[in-house]
Amino acid sequence: MTDIAPGLLPEGLHDRLPPEAESAATLLRAVMDATATHGYERVQPPLAEFEANLVGRLKSTRQQDLLRFVDPVSQRTLALRPDMTAQVGRIATTRMAGTARPLRLAYGGAVLKVRGTQLRPEREMLQTGVELIGSDTVAAVAEVLRVALDALEAAGVTGVSVDLTLPNLVEALAAGPMPLAADKVPELQACLDGKDAAGLTALGADAYQPLIAAAGPIDQALKRLRTLNAGDVIEERLDAVSILADGLRNRVGVTLDPTERHGFEYQSWIGFSLFGEGIPGEIGRGGSYTIVHADGREEKAVGFSIYLDPLVSAGLGRSERRRVFLPLGTDESVAAGLRAQGWATVAAISQGCNGTKLGCTHQWNGLEAAPL
Ligand SMILES: N[C@@H](Cc1c[nH]c[nH+]1)C(=O)O
């Protein structure tokens, strides 16, 4: 016996009911189909795996993000996946290590985070996306962004905007052209995260002020960042961003927030967040990163993930419900004919069945499906 109410689920975990359960499946199918047209092939990693493999593969996947448990069979610590990108990295560097690069893989499934966020308290999420393994050049990132936009379009998202970010820029500046002691970098990052201009001054990091002012629409942001006197570290990145923005701007809105790091724990030179009109918060993100092989060799990669839950909540993926009620005694060949025409048939199995109560839109009257 338990003192937990039978309908209660742990915080952040939910059932998906009709019609949303079907919408989620429809959206996942739409995204997978769109990515397949670009040559991305689907892999299906398991729900849980050895913890050590999940944290070791990507630079900076953190143990505290994992829901862990001891497996009574292997006696080892397993973790539920919080993100499928690390698993795809494992597949790419083990079973598919010998497959030609760039390797294009797609995925979709449930992931579980230890903690939700204020905006998204859910802990289980339906994640889908692609990873392009073997390259993180501008051409590779441009392709991944194109695939992401096609996937969002296939899912019915409109008014898309992309916010680009430069996750390891500040670190590179501090270690190079705009020197700051390594132990001060976390404080510097915190000031930049909080857009705290006074904090930068107090830290003796006034050279970094343009980074705060630069966040915003892409052209203005690039112009402001060009005023930073930081040589190649910044010029190379800005040239790359400018090429990426040119590929995006005729399709979607583009902004740049050079110091945004939240949610970009393992991304390297470029990251991006995806937004859709009328959908609160971020609906996806991605960027470049490094996968570490078992022998220590590093491989570049880039990818994106879309989280389908906010799309489902926004009502995307719904199909028109054409449900026809079949009164008792309706001929089975009639029923089969209706199904072949695309109807969902809901057959009475006793005298008391009522089409309206069973959510039917139509009823078979012996001649045709008549509206209810
Ligand atoms: N999996 C990352 C996004 C990503 C995919 N590939 C690279 N980055 C996330 O969900 O935040």
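Worth saying up front: this structure is predicted, and the values here are computed from it rather than measured. (Residues numbered from 1 in each chain as written. Predicted model: local features only at pLDDT ≥ 70, side-chain atom pairs only at ≥ 80, totals over all residues. Heavy atoms only, no water.)

1. What to know about the overall build of the chain
The number of helices and strands found in the chain is 12 helices and 16 strands. Here the C-alpha coordinates of the chain stretch approximately 85 × 55 × 45 Å along the principal axes. Among the 372 residues that make up the chain, the fraction classed as buried is 47%. Counting contacts in the chain only where the partners sit at least 6 residues apart, residues at least 24 apart contribute 64% of the total. Carbon together with sulfur atoms contributes 53% to the accessible area of the chain, which is approximately 18,500 Å² in total. (Helix = DSSP H or I, 4+ residues; strand = E, 2+ residues; numbered from the N terminus. Buried < 20%, exposed > 50% of the residue type's maximum accessible area, 1.4 Å probe, protein only. Contact = heavy atoms within 4.5 Å. Areas by Shrake-Rupley, 256 points an atom, 1.4 Å probe, with all protein chains shown as cover.)

2. Description of the packing of helix H1 (residues 20-36) against helix H4 (residues 138-154)
Where H1 contacts H4, the axes come no closer than 8 Å and their chain directions differ by 145 degrees. Remark: the crossing between H1 and H4 carries right-handed chirality. Where H1 abuts H4, its residues Ala 30, Val 31, Ala 34 and Thr 35 lie against Val 147, Asp 150, Ala 151 and Ala 154. (Axes fitted to C-alpha atoms, helices over the stretch in contact; angles between N-to-C directions. Left-handed = near helix turned anticlockwise from the far one by under 90°.)

3. Looking at the site of the ligand
Around the ligand sit 14 residues, and of these Thr 85, Glu 131, Gln 267, Arg 285 and Tyr 307 come closest. Side-chain polar atom of Tyr 266 to a nitrogen atom of the ligand: 2.9 Å apart, as the coordinates give it. One of the side-chain nitrogen or oxygen atoms of Arg 285 is found 2.6 Å away from an oxygen atom of the ligand. Here the ligand has 300 Å² of accessible area as a free molecule, and 98% of this is covered by the chains. Those elements that place two or more of their residues in the shell around the ligand are strand E6 (124-133), strand E11 (284-292) and strand E12 (298-307). Residue composition of the shell around the ligand, grouped by class: 4 nonpolar, 7 polar and 3 charged. (Near = heavy atom within 4 Å. Polar contact = N/O pair within 3.5 Å; in protein donor to acceptor, adjacent residues only side chain to side chain. Nonpolar A, V, L, I, M, F, W, Y, C, P; charged D, E, K, R; others polar.)

4. A short note on the UniProt feature "binding site: L-histidine" (unreviewed entry) in the chain
Residues annotated in UniProt with the feature "binding site: L-histidine" (unreviewed entry) correspond here to Asp 83, Met 84, Thr 85, Gln 127 and Glu 131. Spatially, the listed residues are clustered: although they cover 49 residues, their C-alpha atoms lie within 12.8 Å of one another. The residue Met 84 is located in the loop between strand E4 (77-80) and helix H3 (85-93) in this model. For Met 84, a relative accessible area of 1% corresponds to the buried category. Contacts of Met 84, omitting those with residues within four sequence positions, involve Pro 45, Tyr 107, Gly 108, Gly 109, Val 111 and Gln 127. (UniProt positions renumbered as here; feature names shortened; annotations may be inferred.)

5. Regarding the side chain of Ser 135
Along the chain, the position of Ser 135 falls in the loop between E6 and H4. A distance of 3.3 Å separates polar atoms of two side chains, one belonging to Ser 135 and the other to Thr 137. With residues up to four places along the chain from it excluded, the contact list for Ser 135 reads Ala 140, Lys 300, Ala 301 and Val 302.

6. Some details on helix H9 (residues 218-226)
What H9 keeps buried is the set Ile 218, Ala 221, Leu 222 and Leu 225. Viewed end-on, H9 has its buried residues packed into an arc of 100 degrees, placing them on one side of the element. If you follow the buried residues of H9, they end up packed against strand E7 (161-165), helix H8 (209-214), strand E8 (216-217), helix H10 (231-248) and strand E9 (253-256). (Arc of directions from axis to C-beta.)

7. A word on the environment of Ile 234
Mapped onto the elements, Ile 234 comes out in helix H10. Taking the C-alpha atoms as reference points, Ile 234 and Leu 112, separated by 122 residues in sequence, lie 36 Å from one another. When neighbours within four sequence positions are excluded, Ile 234 is seen to be in contact with Leu 169, Leu 225 and Leu 228.

8. Quick notes on the sheet that holds strand E15 (residues 362-364)
Strand order across the open sheet formed by 4 strands is E14-E13-E15-E16, with mixed pairing between neighbours. Of all the strands in the sheet, just strand E14 (344-347) and strand E16 (369-371) have a single pairing partner and so form its edges. Across the sheet, the mean angle separating the axes of adjacent strands is 35 degrees when strand polarity is ignored. Where E15 meets E16, 3 bridges bridge the pair, whose relative direction is antiparallel. Residue pairing for E16: His 362 is matched across the bridge by Pro 371. (Pairing = 2+ DSSP bridges.)

9. Quick look at the pattern of salt bridges
A full pass over the atoms with the stated rule returns 17 salt bridges. Between Glu 49 and Arg 90 there is a salt bridge, with the nearest N and O atoms lying 2.6 Å from each other. Here Glu 49, found in strand E2 (residues 48-50), pairs with Arg 90, found in helix H3; they are 41 residues apart in sequence, far enough to count as distant. The pair formed by Glu 49 and Arg 90 is uniform in burial state, with each residue classed as buried. (Salt bridge = Lys/Arg side-chain N within 4 Å of Asp/Glu carboxyl O.)

10. Considerations on the sheet that holds E2
A sheet is described by the order of its strands in space; here 3 strands give the open sequence E2-E4-E3, paired in antiparallel fashion. Looking at which strands have only one partner, the edges of the open sheet turn out to be E2 and strand E3 (67-70). Along the sheet, successive strands turn relative to each other by an average axial angle of 35 degrees, direction set aside. Bridge count between E3 and E4: 4 bridges; the pairing is antiparallel. Note on E4: the bridge partner recorded for Arg 68 is Ala 79.

11. Focus on the confidence of the model for the chain
In this model, the chain carries an average pLDDT of 94, and 99% of its residues clear a pLDDT of 70 or more. What the predictor reports for the complex is a pTM of 0.94 with an ipTM of 0.99. (pLDDT = per-residue confidence, 0-100.)

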